[in-house]
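Single-letter residue listing:
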Amino acid sequence: MLTINMRSDTQTLPTRAMREAIFNAPLGDDTYGEDPTVKEFEALAAEMTGMEAALLVLSGNMGNLVCLMAHGGHGDEVIIDPDSHIYYYEVGGLANIAGLMPMPVPSHAGMLDPKEVSAAIRAPNLHYPTPKLLCLENTHNRSGGRVVPLDLHRDLCQVAKGRGLAVHLDGARIFNAAIAAGVEVTEYTANVDSIQVCLTKGLGCPLGSFVAGSREFIARADRARKRLGGGMRQAGIIAAAGLYALKNNVNRLADDHRRARVLAERLNDLPNLSVDLRYVESNMVYVDHSATGKSTAEFTKLLREAGVIVSTRPPRQVRLCTNLHHDDATIDEVVERVAAVVRGERVHKGEPTCA
Ligand SMILES: Cc1ncc(COP(=O)(O)O)c(C=O)c1O
């Protein structure tokens with residue numbers, strides 16, 4: 001077995017079947033509304049998220065941004081978890097491009113507290129920006145892919161709605177969340193005004209995301225996408241992969257979750273490694289390696305030499321993420337290689353490869 005890439009669920013390569021779907025897709029100019037594959041994809045995306053309309057965009061980052069632009073006016077306030085992807089990892093586009101004012105409300109390991117959200121929504125006052133939007137994220141990346149339970153999600157939406165705010169859901173991995181929670185995606189989307197869903201995570205596409213909302217909202221998002229330079233031509237080559245993924249790669253996410261759980265339990269059993277098993281709820285495993293006495297950079301380098309690529313969460317953790325290229329034997333092999341590294345053996349198994 002070559003190098004095993006556990007860095008992220010974004011590391012997948014399109015399978016042969018997905019490539020064939022791309023190859024065979026009928027195409028047209030999407031800016032003229034004439035790409036049949038994009039139309040079919042957007043209709044299915046809207047249906048699966050229970051929204052009136054959907055729009056294909058190039059990335060999750062772009063999807064969140066067009067939604068923020070479509071929601072708010074410059075200077076309006078957004079209630080947002082500083083550990084959310086939008087706040088933490090999107091280059092400040094919230095403020096820099098959408099012109100919105102963040103009101104950070106920290107989550108507790110990915111879970112926002114409705115009371116704290118309520119307290120952060122300020123009453124109208126000449127001196128304050130106008131609170132317009134609550135941003136949610138599910139699954140929650142930086143907490144280890146935790147799943148926000150439906151009840152808590154509903155409570156948070158209710159707090160926002162009760163105070164006249166709209167709700168945007170960064171559902172980059174909403175299918176993971178719904179499958180892990182044992183509910184329909186539409187139960188999560190029932191109370192939100194917009195959602196962004198990534199095709200490039202567990203769904204296995206080479207690029208693309210979609211946003212969904214009311215017809216009127218998506219018309220505004222479409223203009224925002226164009227303003228960002230995201231208007232596309234024969235975008236059916238992206239949509240074809242998305243269509244394939246929505247039809248074939250959703251239910252199999254349960255396998256990623258099961259394997260992540262097995263991986264987490266087995267890594268937690270190794271000396272000097274620990275995994276907070278309470279937080280392993282979807283496809284991510286955060287491993288605390290601090291008891292090995294090695295820095296995150298050193299530990300990651302040894303793992304790479306042993307043929308396991310992980311991502312770093314310094315100073316104490318590395319992250320492993322399951323995806324559709326992994327099977328049960330992959331997990332066995334990863335555990336074996338990590339165990340050898342922890343025992344202090346110098347293993348040289350890695351070779352440059354992706355999956
Ligand atoms: C929760 C979340 N939102 C948004 C994104 C952004 O997606 P992209 O990398 O396609 O821009 C990511 C990517 O990891 C993510 O984890």
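Residues numbered from 1 in each chain as written. Predicted model: local features only at pLDDT ≥ 70, side-chain atom pairs only at ≥ 80, totals over all residues. Heavy atoms only, no water.

**Quick look at the packing of helix 1 (residues 16–24) against helix 11 (residues 236–248)**
Angle between the axes and distance between the axes: these two values describe a pair of packed helices.
Here comes step 1: The N-to-C vectors of helix 1 and helix 11 enclose an angle of 135 degrees; their axes lie 8 Å apart at closest approach. By the criterion of interaxial angle, the relationship of helix 1 to helix 11 is oblique. Crossing of helix 1 over helix 11 shows right-handed handedness. Of the residues in helix 11, those touching helix 1 at A17, M18, A21 and I22 are I237, A240, A241, Y244 and A245. (Axes fitted to C-alpha atoms, helices over the stretch in contact; angles between N-to-C directions. Helix = DSSP H or I, 4+ residues; strand = E, 2+ residues; numbered from the N terminus. Parallel < 35°, antiparallel > 145°, perpendicular 65-115°, else oblique. Left-handed = near helix turned anticlockwise from the far one by under 90°. Contact = heavy atoms within 4.5 Å.)

**Observations concerning helix 8 (residues 174–181)**
Here comes step 1: Taken together, the buried positions of helix 8 are I174, F175, N176, A177 and A178.
Here comes step 2: Within two residues after helix 8, G182 carries a phi angle of roughly 70 degrees, on the positive side. (Buried < 20%, exposed > 50% of the residue type's maximum accessible area, 1.4 Å probe, protein only.)

**Focus: the side chain of Q196**
Here comes step 1: As for its placement among the helices and strands, Q196 is situated in strand 7 (residues 194–198).
Here comes step 2: Taking the relative accessible area as the measure of exposure, Q196 reaches 1% and is therefore buried.
Here comes step 3: In this structure the side chain of Q196 is engaged in a polar contact, spanning 2.9 Å, whose partner is the side chain of S209.
Here comes step 4: Residues contacting Q196, with those up to four places away along its chain left out, are G60, G63, N64, H168, L169, D170, G171, A172, S209, F210 and V211. (Polar contact = N/O pair within 3.5 Å; in protein donor to acceptor, adjacent residues only side chain to side chain.)

**Considerations on unusual backbone geometry**
Most peptide bonds are trans, and most residues other than glycine sit at a negative phi.
Here comes step 1: Going from N138 to T139, the amide bond is cis rather than trans, its omega being 0 degrees.
Here comes step 2: In this structure, T139 sits in the loop between strand 5 (131–137) and helix 7 (150–162).
Here comes step 3: A cis amide bond links P314 with the next residue in sequence, P315, at an omega value of 10 degrees.
Here comes step 4: Within the secondary structure layout, P315 lies in the loop between strand 12 (311–313) and strand 13 (317–321).
Here comes step 5: Of note, V91 is a non-glycine position whose phi angle comes to about 55 degrees, a positive value.
Here comes step 6: Of note, the phi angle at N272 is positive, near 70 degrees, even though the residue is not glycine.
Here comes step 7: With respect to the element layout, N272 can be found in the loop between helix 12 (253–268) and strand 9 (274–275).

**A few points about the site of the ligand**
Here comes step 1: Near the ligand lie 13 residues; those nearest to it are G60, N61, N141, D170 and R173.
Here comes step 2: Backbone polar atom of G60 to an oxygen atom of the ligand: 2.9 Å apart, as the coordinates give it.
Here comes step 3: A distance of 2.6 Å is found between a nitrogen atom of the ligand and a side-chain nitrogen or oxygen belonging to D170.
Here comes step 4: Protein contacts shield 82% of the accessible area of the ligand, which totals 380 Å² for the unbound molecule.
Here comes step 5: For the shell around the ligand, the leading source of residues is helix 3 (residues 60–71), giving 3 residues. (Near = heavy atom within 4 Å. Areas by Shrake-Rupley, 256 points an atom, 1.4 Å probe, with all protein chains shown as cover.)

**Describing the state of the cysteines**
Here comes step 1: Tallied over the full model, the rule gives 0 disulfides.
Here comes step 2: C198 supplies the cysteine sulfur nearest to C205, a cysteine that is in no disulfide, at a spacing of 10 Å.
Here comes step 3: C321 forms no disulfide, and the closest cysteine sulfur to it belongs to C198, at a distance of 12 Å. (Disulfide = S-S within 2.5 Å.)

**Things to note about the packing of aromatic side chains**
What characterises a pair of aromatic rings is the spacing of the ring centres plus the angle enclosed by the ring planes.
Here comes step 1: Inspection of the entire model under this criterion finds 2 aromatic pairs.
Here comes step 2: Taken together, a centroid distance of 5.8 Å and an interplanar angle of 75 degrees make the contact between F41 and F210 edge-to-face. Linking F41 in helix 2 (residues 36–49) with F210 in strand 8 (residues 209–213), this pair joins segments that are 169 residues apart in sequence.
Here comes step 3: By relative accessible area, F210 is classed as buried at 0%.
Here comes step 4: Pairing Y88 with Y89 gives two aromatic rings, centres 4.9 Å apart and planes at 70 degrees, and the pair type is edge-to-face.
Here comes step 5: The partly exposed category is assigned to Y89, whose relative accessible area is 31%. (Phe/Tyr/Trp six-rings, centres within 6.5 Å; stacked < 30°, edge-to-face > 60°.)

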